[in-house]
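# Inside the fold
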Amino acid sequence: MSYQRLRGVSKTTTIILSIVVVLVVVGAIIYMTRTSKPTEATPTQTPPSSTQPPSPAKTTAASSAPSSPSPTTASTAKKKTIVIYASLSEMTGADPSTEFSNSILWMCLVYEPLLWYDPLKDEFIPALAVKWESNENGTIWTFYLRKGVKFHDGTPLTAEAVKASIERTIALGQGAAFIWDPVEKIEVIDDYTIRFYLKYPAALDKIAASAYGAWIFSPKIVEYAGAKNLTDPKVAEWFNAGHDAGSGPYKLVKWDPENEVVLEKNPDWWGWKLKDYPLASPNAPDVFIVKIVKDAVTQERLLLTGDIHIAQYVPLEDVEKLKNNPNVQVVIKPSFQNLLMLINTKKPPLDNVLVRRAIAHAIPYEDIVKIARAGLARVASGPIPYGMWGHFEDLRYEYNITLAKELLAKAGYPNGIDRTLLLVYTAGDIYEKRTAEVIKASLAKIGIKVEIRPMSWEEQWSLAQSGWENPEAAQDLFIFYWWPTYITPFDFLYNMFHSDSKIFNLCYYENPEFNKLIEEAVTLEASNREKALELYHKAQKILYEDVPAIPLWDSMDIRVAVKGIGNLDKAINPAYPTVIFAQVLDVSGLQQG
């Protein structure tokens, strides 16, 4: 902790005040230690696997002091309000340029983009930019920055800092750097104006509001890391040791990614000073702790005993019971995460489209939703989740065993397939496990035998990556989650189905007509959304006919919290999955132990 200087007081008074300060600090430490004690969880269920590959960034479990400690005085030494949020997943990297997985949970509180986006209202919320504009066809974008913003290290926000942050992300080319592919040049007009020149039209406002790869950070990290430049590996090492250089409402003060991450309120954040800013609450928690609890059952138990305040996951079969508990609240909101089954289109007999269609019609989708998700999901219609721009309701496969058998017979397999298909899923994910079991039982009805193999995400990923070079050695069926990098159908359609996307196209699917449609559609998003939507629909109809993957269900976002947490529904945004925007919470009614 650091303290403001005490002026105009005697030496004796200063000593007395110093003793008081020490006692307060010791008391606070004891309190926080007792309140945030490690939970004992017996892992019986692990979280949904990340859609991204294992992070290339080095992850160091370390406790670090704040980059710029929060100022406090003896006169303001009130008890801090603490909110503990249980995450099912351990955190991954801490580098804002390359992180593309679970650390989004806290990164949205420490760093800021130029804009935030609310997809349910289809509106933008100003963040580091207060105003923005583009030319008619969306190839030149100008952003006007918020004045008076400082990074946690005290460095002022300028257009140069924005340029340096985005150019570092582009240069490293990791994580979600691909979102900036349209950018040809970034020009600093003045300290608070920055202009982007694009190679082709794009909705740069949505890109600037991305959940990954759009964070702005202090340019002084080169100095702190003892690096030569921003792309020097020493900078990534500095970030991943648990340091932050953001401008957001919270500072990273403890980085122990396998156990807990501790954030402390940034009293100098510009958002606290604005009247009626939609992403700021005057009663936000002083400390926000992300505690790793790898079991939904344990999260529920800790919530009910008051050892945590918000559970990311509870057993879905308990949700109705929890709704009737007067001590907790259940918030259910749309989610843009969905589950698909990717099919190895290069491996016989799955290289036959009639076999793939037979499988699509042999899956009991309603049963899967009831059994795997306790009814708390929607049967999927196409690869774009329900409620998101680009979703269509005419892409749902009919469950029809008779039709499935007919299709299989037309494909040359009237008595079923003479080999066993390998279906892989992430070990410990109870939703994937239940889904896989229903699929296995149903495909047996049309003469298709399935081996279900649970694997660690790393093993599953490694096997799937071999498919482009050796499809015969890869799995047949791959159960797989996806959620958006930023809100565009292109993110789903390109990553999973474009022939150039060798990382995530684990169907090994190639269709030039499909590629052309989505490539044209994405260039029209900024200038002709209606035409873009028409092209996205045509592309998805091709997928519907070719069946390189079978969308299974679209998730619902379910969070359970103690009653004293206010504004929880406002703190959840499907564009930023797993995130609780802690600066929006109201903890004035929360009883602290």
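Within each chain, residues carry numbers counting from 1 in the order of the written sequence. Only residues with pLDDT of at least 70 are given local features in this predicted model, and only at 80 or more are side-chain atom pairs given and counted; all residues enter the totals for whole chains, interfaces and linings. Only hydrogens and water are set aside when side-chain values are computed; all heavy atoms of the structure are taken into account.

## Things to note about the packing of helix H9 (residues 353-361) against helix H11 (residues 401-410)
Axes here mean lines fitted to C-alpha atoms, for a helix over just the part in contact, with angles spanning 0 to 180 degrees between N-to-C directions. The secondary structure listing takes helices from DSSP runs of H or I that are at least 4 residues long and strands from runs of E that are at least 2 residues long, numbered from the N terminus. Between H9 and H11, the least distance of the axes is 8 Å, while the angle of their chain directions is 165 degrees. The angle between the axes of H9 and H11 places the two elements in the roughly antiparallel class. Classified by chirality, the crossing of H11 by H9 is left-handed. The residues of H11 that touch H9, namely those facing Leu-354, Val-355, Arg-357, Ala-358 and His-361, are Ile-401, Leu-403, Ala-404, Leu-407, Leu-408 and Lys-410. For the contact of H9 with H11, the residue count by class is 8 nonpolar, 1 polar and 2 charged. An angle counts as roughly parallel when it lies under 35 degrees, as roughly antiparallel when it exceeds 145, as roughly perpendicular when it falls between 65 and 115, and as oblique in every other case. Crossing handedness: left-handed means the near helix sits turned counterclockwise from the far one by under a right angle, and right-handed means the same turn made clockwise. The contact definition used throughout considers only heavy atoms, calling two residues in contact when any of these lie within 4.5 Å. The nonpolar class holds Ala, Val, Leu, Ile, Met, Phe, Trp, Tyr, Cys and Pro. Asp, Glu, Lys and Arg form the charged class, and all remaining residues, Gly among them, are polar.

## Brief notes about empty space enclosed by the protein
Using a 1 Å grid laid over the protein atoms alone, points where a 1.4 Å probe fits but cannot get out form a cavity; open sets with protein on both sides within 12 Å along at least 5 of 7 lines form a pocket; any residue with an atom within 4 Å of a point counts as lining. Grid points are joined across faces, edges and corners, and a volume is the space filled by probe spheres set on the points. What the rule picks out here adds up to 3 cavities of 30 Å³ or more. The space that makes up the second largest cavity amounts to roughly 100 Å³. Secondary-structure elements contributing two or more residues to the lining of the second largest cavity are helix H16 (529-546) and strand E19 (549-562). Top contributing element to the lining of the second largest cavity by residue count: H16, with 3 residues. Of the residues that constitute the lining of the second largest cavity, the class distribution is 9 nonpolar, 2 polar and no charged.

## Focus on the nonpolar core
As used in this record, nonpolar core signifies buried Ala, Val, Leu, Ile, Met, Phe, Trp, Tyr and Cys residues forming a set joined through side-chain atoms within 4.5 Å. Buried, partly exposed and exposed residues are distinguished by accessible area as a fraction of the type maximum, computed with a 1.4 Å probe on protein chains only: under 20%, between the cut-offs, and over 50%, respectively. Of all hydrophobic cores here, the largest spans 201 residues; its most connected members are Trp-106, Phe-196, Phe-288 and Ile-550. Setting aside residues up to four positions removed in sequence, Ile-550 forms contacts with Leu-340, Met-341, Ile-343, Ile-359, Ala-360, Ile-363, Tyr-365 and Tyr-397.

## With respect to unusual backbone geometry
With an omega dihedral of 0 degrees, the bond running from Pro-348 to Pro-349 counts as a cis peptide bond. We note that Asp-122 has phi near 55 degrees; this positive angle belongs to a residue other than glycine. Here Asp-122 is to be found in the loop between strand E4 (115-118) and strand E5 (123-126). Given a relative accessible area of 44%, Asp-122 falls into the partly exposed group. The phi torsion at Asp-276 lies on the positive side, around 65 degrees, for a residue other than glycine. Relative to the helices and strands, Asp-276 is located in the loop between strand E11 (260-265) and strand E12 (287-292). For Asp-276, a relative accessible area of 68% gives the class exposed.

## Topic: the packing of aromatic side chains
Centres within 6.5 Å are what make two rings of Phe, Tyr or Trp a pair, Trp counting through its six-membered ring; a difference in plane orientation under 30 degrees is then read as stacked, over 60 as edge-to-face, and the rest as tilted. Applying the stated criterion to the full structure yields 33 aromatic pairs. Aromatic pair Trp-457 and Trp-461: ring centres 5.6 Å apart, planes at 40 degrees, arrangement tilted. Taken together, the residues Trp-457 and Trp-461, both in helix H13 (residues 457-465) and 4 residues apart, mark about one turn of the helix. Consider the rings of Tyr-481 and Trp-553, whose centres lie 6.1 Å apart with planes at 75 degrees: the pair is edge-to-face. On the criterion of sequence distance, the pair formed by Tyr-481 in strand E18 (residues 477-482) and Trp-553 in strand E19 is long-range, its members being 72 residues apart. Neither Tyr-481 nor Trp-553 differs from the other in exposure class; each is buried. Grouping aromatic residues by their ring pairs yields a cluster made of Trp-457, Trp-461, Phe-478, Phe-480, Trp-482 and Phe-504.

## Looking at the environment of Cys-108
In this structure, Cys-108 sits in helix H2 (residues 104-110). Taking C-alpha positions, Cys-108 is 9.3 Å from Tyr-250, a pair spaced 142 residues apart along the chain. Dropping the residues within four chain positions of it, Cys-108 is found in contact with Trp-116, Trp-215, Tyr-576, Val-579 and Phe-581.

## Looking at the confidence of the model for the chain
As a per-residue quantity, pLDDT reports the predictor's confidence and falls between 0 and 100. Per-residue confidence for the chain gives a mean pLDDT of 88; residues scoring 70 or more make up 87%. Taken together, the stretch residues 1-76 has pLDDT below 50 and engages in 140 contacts with residues farther than four places along the chain or on a different chain.

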